[in-house]
Amino acid sequence: MRMSSSLKGQVAIVTGANSGVGRSATEMLLQAGAHVTMVCRSRERGERALAELRAAGLRGVRNRGALGGRLNEPVAGDSGGAGVDLELADLSRQEDVRELAGRLASRLPAIDILVNNAGVTRPQCVHSPEGFELTFATNHLGHFLLTRLLREGLEAGRGRIVNVSSRGHRSGDLRRAELEDIARGQAWDGALQAYADSKLANVLFTLETVRRWGSRGITANAVHPGVLATEIWKKTSLGPRLLLLPFTWFMSSPDVGGRAVMNLVEDPSRDDVTGRYFHVLKEQGPSAQARDESLARELWERSVEWTRG
Ligand SMILES: NC(=O)c1ccc[n+]([C@@H]2O[C@H](COP(=O)([O-])OP(=O)(O)OC[C@H]3O[C@@H](n4cnc5c(N)ncnc54)[C@H](OP(=O)(O)O)[C@@H]3O)[C@@H](O)[C@H]2O)c1
């Protein structure tokens, strides 16, 4: 397996790292010499991915920490260079996110790369423990809370945030009802709309992060990773699955998404690239609503209220 050292010693966190884009990005970050903390919600799937990464023979890759959740006791091992840890957290549960952020902050005083990648679609309107529609709670609120709680670490490190959004954000419409009603599922209009709304929230959050934190040396970009053959489509409802069926032939490998993430973090000469939206490797303008500063401000302020512990 090809190894480079372009990110040697850098500290990276990837959410949803056991599968699809997150798994691929983790592998590429490790190959580039970064130390990666994988955030996964399932111990079984996280441990399996970790074992496979190690079995793939990534030189220098060690499991430095026992696995995740409240059992994250360090084990003896190398503490420098490439390595991989696994943390367990369900991003739709704010208590999990707070505990995760606490563990990360105590272990990683400086964070170079944060890849907010985990994502779901839900066939029906179901709710998180705090009463938010689950797609919105996972894809937007969980990452919003995690990122805010890691701000000091991001400031202390290279502070590159990549938010994995989707071209589907263009169908998102966070003006179609009160934000509160969208967030709580009272304005539920099907799985695809909920997904698109959450992906629009990813872009709005990216651009507002830059407006609020840009002067602190933190950068943020959003990316559509491609139309990829990953698990996400298998978890949605039958309607969208049938709609997507003809396209499955044209879906790309998750590595296309992994490379789209790497494109935004690997090259230090691009450290001033911030507040942009990329369609895989190519910069594009995001939707008009994604560029709506008053909507971004409102979403940020409401998200602060909704994630107040
Ligand atoms: N695939 C595409 O064509 C496509 C297109 C545009 C955008 N995207 C975006 O790409 C990102 C990655 O998706 P993917 O295609 O790689 O799908 P995937 O293979 O299903 O991966 C999604 C990852 O997110 C994790 N996850 C889901 N809910 C979570 C939660 N509550 N807490 C923590 N982790 C959670 C999943 O964990 P489990 O394995 O436990 O479910 C999995 O590791 C998503 O943000 C998605 O919106 C994908």
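It should be noted that the structure appears before, not after, this text.
Quantities reported herein were computed from a predicted structural model and do not represent experimental measurements.

A.B. asks: Could you clarify how one ought to interpret the site of the ligand in this entry?
C.D. replies: In the neighbourhood of the ligand, 31 residues make up the surrounding shell, with Ser19, Arg45, Asn117, Tyr195 and Thr230 lying closest. Here Gly226 contributes a backbone N or O atom positioned 3.3 Å from an oxygen atom of the ligand. In the model, an oxygen atom of the ligand is placed 2.7 Å from a nitrogen or oxygen of the Leu228 main chain. Burial of the ligand by the protein chains amounts to 98% of its free accessible area of 890 Å². Given that more than half its atoms are within 2 Å of the pocket grid, the ligand belongs to the largest pocket. If you list the elements that add at least two residues to the shell around the ligand, you get helix H1 (20–31) and helix H7 (191–213). Across the shell around the ligand, the residue classes tally to 12 nonpolar, 13 polar and six charged.

A.B. asks: Even after reading the chapter, I still don't get the environment of Ala137, so can you show me in this structure?
C.D. replies: Its location among the elements puts Ala137 in helix H4 (residues 134–149). Counting along the chain gives 47 residues from Ala137 to Arg184, while the straight-line C-alpha distance between them is 8.9 Å. With residues up to four places along the chain from it excluded, the contact list for Ala137 reads Leu91, Ser92, Ser128, Phe132 and Gly142.

A.B. asks: Help me out: how do you make sense of the layout of surface pockets in this one?
C.D. replies: Where empty space is left in the structure can be found by rolling a water-sized probe over the atoms. Reported here for the largest pocket is a volume of approximately 1200 Å³. Looking at the largest pocket, it is lined by 48 residues, and the ones nearest its centre are Gly119, Tyr195, Thr230, Ile232 and Trp233. Taken together, the elements giving at least two residues each to the lining of the largest pocket come down to H1, strand E2 (35–40), helix H2 (43–55), H7 and helix H8 (238–244).

A.B. asks: In this structure, what is going on with the packing of aromatic side chains? I would like to understand it.
C.D. replies: To describe a pair of aromatic rings, one takes the distance between the centres and the angle between the planes. For the structure on display, the rule yields six aromatic pairs. Measuring from centroid to centroid gives 5.8 Å for Phe136 and Trp306, while their planes differ by 75 degrees, and the two rings are edge-to-face. Within this pair, whereas Phe136 is found in helix H4, its partner Trp306 is found in helix H10 (residues 293–306), the two being separated by 170 residues in sequence. Judged on exposure class, the residue Phe136 and its partner Trp306 are both buried. Through pairs of rings, three or more aromatic residues link up here, namely Phe144, Phe205, Trp213 and Trp300. Its end group placed over the ring of Trp213, Arg151 keeps NZ or CZ at 6.0 Å from the ring centre.

A.B. asks: Help me out: how do you make sense of empty space enclosed by the protein in this one?
C.D. replies: For the coordinates displayed, the defined rule picks out one cavity of 30 Å³ or more. By volume, the largest cavity is sized at about 60 Å³. Lining the largest cavity are Glu133, Phe136, Arg176, Ile182, Gly185, Ala187, Trp188, Asp189, Ala194 and Asp197. Of the residues contributing to the lining of the largest cavity, the split by class is five nonpolar, one polar and four charged.

A.B. asks: I keep staring at the sheet that holds strand E5 (residues 160–164) and nothing clicks. Help me out?
C.D. replies: In a beta sheet, neighbouring strands pair by backbone hydrogen bonds and run either parallel or antiparallel. Read across the open sheet, the eight strands follow the order E3-E2-E1-E4-E5-E6-E7-E8; overall the sheet is mixed. Bordering the open sheet on either side are strand E3 (83–88) and strand E8 (282–284), each of which pairs with just one other strand. The average undirected angle you get between the axes of adjacent strands in this sheet is 25 degrees. Looking at chain direction, E5 and strand E6 (residues 219–224) are connected through five bridges and run parallel. Along E6, the bridge assignment pairs Ile161 with Ala220. Strands strand E4 (113–116), E5, E6 and strand E7 (276–279) of the sheet are contacted by helix H9 (residues 254–265), whose axis makes an angle of about 155 degrees with E5.

Rules and cut-offs
Residue numbers restart at each chain and count upward from 1, following the sequence in its written direction. Local features in this predicted model are restricted to residues whose pLDDT is 70 or higher, and side-chain atom pairs enter the listing and the counts only when it is 80 or higher, whereas totals over whole chains, interfaces and linings include all residues. Excluding hydrogens and water, the side-chain figures rest on all heavy atoms present in the structure. Proximity is defined per residue: if any heavy atom of the residue lies within 4 Å of a molecule or strand, that residue is considered near it. Whenever a nitrogen or oxygen atom comes within 3.5 Å of another N or O atom, the pair is scored as a polar contact, on the condition that within protein one atom can donate a hydrogen and the other can accept it, and that pairs from neighbouring residues in sequence are kept only if both atoms are in side chains. Surface exposure here means Shrake-Rupley accessible area, sampled with a 1.4 Å probe, where a residue is shielded only by the protein chains that are shown. Here a cavity is any set of points on a 1 Å grid over the protein atoms alone where a 1.4 Å probe fits but cannot get out, and a pocket is any open set with protein on both sides within 12 Å along at least 5 of 7 lines; a residue lines the site when it has an atom within 4 Å of a point. For a molecule to be placed in a cavity or pocket, more than half of its atoms must lie within 2 Å of the grid points of that cavity or pocket. The helix and strand labels rest on DSSP assignments: H or I over at least four residues marks a helix, E over at least two residues marks a strand, and numbering proceeds from the N terminus. Polarity classes work like this: nonpolar for Ala, Val, Leu, Ile, Met, Phe, Trp, Tyr, Cys and Pro, charged for Asp, Glu, Lys and Arg, and polar for all others, with Gly in that last group. Throughout, a residue-residue contact means that at least one pair of heavy atoms, one from each residue, lies within 4.5 Å. Grid points are joined across faces, edges and corners, and a volume is the space filled by probe spheres set on the points. Pairs were defined over the aromatic rings of Phe, Tyr and Trp, the Trp ring being its six-membered one, requiring ring centres within 6.5 Å. Orientation was assigned from the angle between planes: stacked under 30 degrees, edge-to-face over 60, tilted for the rest. Accessibility here uses a 1.4 Å probe with only protein chains present; expressed as a share of the type maximum, an area under 20% marks a residue as buried, one over 50% as exposed, and anything in between as partly exposed. A ring has a charge above it when a Lys NZ or an Arg CZ is no more than 6 Å from the ring centre and no more than 35 degrees off the ring normal. When DSSP finds two or more bridges between two strands, those strands count as paired. Angles shown run from 0 to 180 degrees and are taken between the N-to-C directions of axes, each axis being a line fitted to C-alpha atoms and, for helices, limited to the stretch in contact.

The values are spatial; any link to function lies outside them.
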